[in-house]
Amino acid sequence: LKFKTSKAMGPGKLYTNDDDRWHKLQRWWIDRMVKGLSPVREKIVLFLHTHFATARSKVTDTLYMATQNALFREFANGDFRELVKRVNVDPATLWWLDGRTNKKGAPNENYGRELMELFTLGVFDFAGKRNYSQSDVKQVARVLTGWRVHEANGHISPEFRFTDRHDKNAKTVFAADPTETPNQNAANVFNEPANTTDEGLATDEHRRLVDAIFSHIDTEGRPTAARHIARKVWKFFAYDPVVDAGTARTDLSLIDDLADVFVANGYSLTELLRAVFLRQEFYFDPTRTVKSPVEYVTGTLRMLRARLAGDTKLVLGDDGTTTFPGMSTMSQELFNPPDVFSWKGNEAWITTQALLKRFEFGRSLSERDKGRKDPFNSHLANDIGFNVYSYLDLAETRRAAVVDRFLKLLGPLNVDTATHNELVAWLGPADPIDLTDTTFVQKRVRGLLNLIFTLPHYHVH
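Residues numbered from 1 in each chain as written. Predicted model: local features only at pLDDT ≥ 70, side-chain atom pairs only at ≥ 80, totals over all residues. Heavy atoms only, no water.

Observations regarding the packing of aromatic side chains
- Taken as a whole and judged by the stated rule, the model has 21 aromatic pairs.
- Relative to Phe 335, the ring of Trp 29 has its centre 5.2 Å away and its plane inclined at 55°; by these criteria the two rings are tilted. Of this pair, Trp 29 sits in helix H1 (residues 19-35) while Phe 335 sits in the loop between helix H15 (313-316) and helix H16 (352-366); the two residues are 306 residues apart in sequence, bridging distant segments of the chain.
- The class of Phe 335 is buried, set by a relative accessible area of 1%.
- When the ring of Trp 234 is compared with that of Phe 282, the centres are 6.2 Å apart and the planes differ by 70°; the resulting orientation is edge-to-face. On the criterion of sequence distance, the pair formed by Trp 234 in helix H10 (residues 224-237) and Phe 282 in helix H13 (residues 280-284) is long-range, its members being 48 residues apart.
- Using a relative accessible area of 0% as the deciding quantity, one classes Trp 234 as buried.
- A connected cluster of aromatic rings, assembled from ring pairs, spans Phe 47, Trp 234, Phe 236, Phe 237, Tyr 239, Phe 277, Phe 282 and Tyr 283.
- One cation-aromatic arrangement involves Lys 291 over Tyr 458; the distance from NZ or CZ to the ring centre is 4.1 Å. (Phe/Tyr/Trp six-rings, centres within 6.5 Å; stacked < 30°, edge-to-face > 60°. Helix = DSSP H or I, 4+ residues; strand = E, 2+ residues; numbered from the N terminus. Buried < 20%, exposed > 50% of the residue type's maximum accessible area, 1.4 Å probe, protein only. Lys NZ or Arg CZ within 6 Å of the ring centre and 35° of its normal.)

Quick look at the side chain of Arg 222
- With respect to the element layout, Arg 222 can be found in the loop between helix H9 (205-214) and H10.
- In this structure the side chain of Arg 222 is engaged in a polar contact, spanning 2.5 Å, whose partner is the side chain of Asp 260.
- Not counting residues within four places of it along the chain, the set of residues in contact with Arg 222 comprises His 216, Ile 217, Arg 227, Asp 256 and Asp 260. (Polar contact = N/O pair within 3.5 Å; in protein donor to acceptor, adjacent residues only side chain to side chain. Contact = heavy atoms within 4.5 Å.)

Re unusual backbone geometry
- The omega torsion of the bond from Gly 411 to Pro 412 falls at 5°, within 30 degrees of zero and hence cis.
- Unlike most non-glycine residues, Arg 305 shows phi in positive territory, near 50°.
- Residue position: Arg 305 is located in the loop between helix H14 (293-303) and strand S3 (307-308).
- Overall, Arg 305 belongs to the exposed group, its relative accessible area being 53%.
- Located in the positive-phi region is Ser 342, a residue other than glycine, with phi close to 65°.
- Tracing the backbone through its elements, the reader meets Ser 342 in the loop between H15 and H16.

Let's talk about the packing of H14 against H16
- Where H14 contacts H16, the axes come no closer than 12 Å and their chain directions differ by 10°. As the angle between them shows, H14 and H16 are arranged roughly parallel. Across from Pro 293, Tyr 296, Val 297, Thr 300 and Leu 301 in H14, the residues of H16 making contact are Arg 358, Phe 361, Gly 362 and Leu 365.
- Among the residues making up the contact of H14 with H16, the classes are represented as six nonpolar, two polar and one charged. (Axes fitted to C-alpha atoms, helices over the stretch in contact; angles between N-to-C directions. Parallel < 35°, antiparallel > 145°, perpendicular 65-115°, else oblique. Nonpolar A, V, L, I, M, F, W, Y, C, P; charged D, E, K, R; others polar.)

Function-wise, these values are silent; they only describe arrangement.
Rendered as structure tokens:
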């Protein structure tokens, strides 16, 4: 899809916040998740979207969000530290966290605070000590003064105003403070006079700030930012690690191993993810995390090679007239996290209402077949569905073999004996079964899929 910038109606007044544009952008990303060649890459992009949470609720132009998504794709396998530097002046970020209003004499602290609190350091280190002070927030805000969003000729870009908006005076970040972690690395001190004559160097000041942040060392002598990011990546892809003071800290060595890999490889997200996927705990730890609605919906469509065409609302689920529930009805809307902390995730995904919508999605999808008019929602026929016969051996006569085939396809899912027996019983009281019987396939086999979609095993990873 191609997105064009809007025409400004005045400062900060854009008119592209119509649902149709947002649906197209959301649908474009969903298509990438379902049909793309690299689901891992799409999940990294989703992680970055949740990490640098930016939302249409305030960033009202689709072009801004599409451009940010492209930035995440550019760095999905790249240098995370460099990505943070680019996010500093990303148009969507400047709009979302008020960086565009940050100027000398009236610094706006919103982005400077989130840069340290959420994006790099975290408020506290693993020992429970503060990583930065309010003074640091003020100083960082001054470093970041002077940036605005520039629109011209159908393009957007960050624009630096050196002479009239940037604070050119000296700043000190991470100065000694008894309330925060000690500065054990001289690079933590960002105390150089601002460049008052060379505009090129002044625009580079925010980049040197990021280098100082990534040089921050916590009270245990460990790289603070690397630990923080390694923890968030592990939590997103595996489970929430136990590393904080006051706990058993059973996962501390795991996160530190990942942080060491991250630092040694120049903050490469590729190498960090490689280290994550090579950990035995990633595959065998009994801890489970609930799939997000995006993972649940797009993962199901991808595994079944479901056709996704026609009405965007089928997957987005934001049209009250349709009975086919989508992700927004499950409390997750792409490009629109609720706040700077993003979605809470895990058990927050399975409220009574959201879980019901998941079950409704599974039922609706299991009843749909490519090329078959849907008897429940005829006006939505052929917009979405999958060919169940592509997964069946018509010569197969054993119920257990059919159950095992779909449990493997949709997971693999390891269910207990009692659950397995109930699934087998759904296909009939005894073998043999006849998979050439279309009525049996449409009722019993598709009903089997619906039952699998409701299993707790299917809603976690």
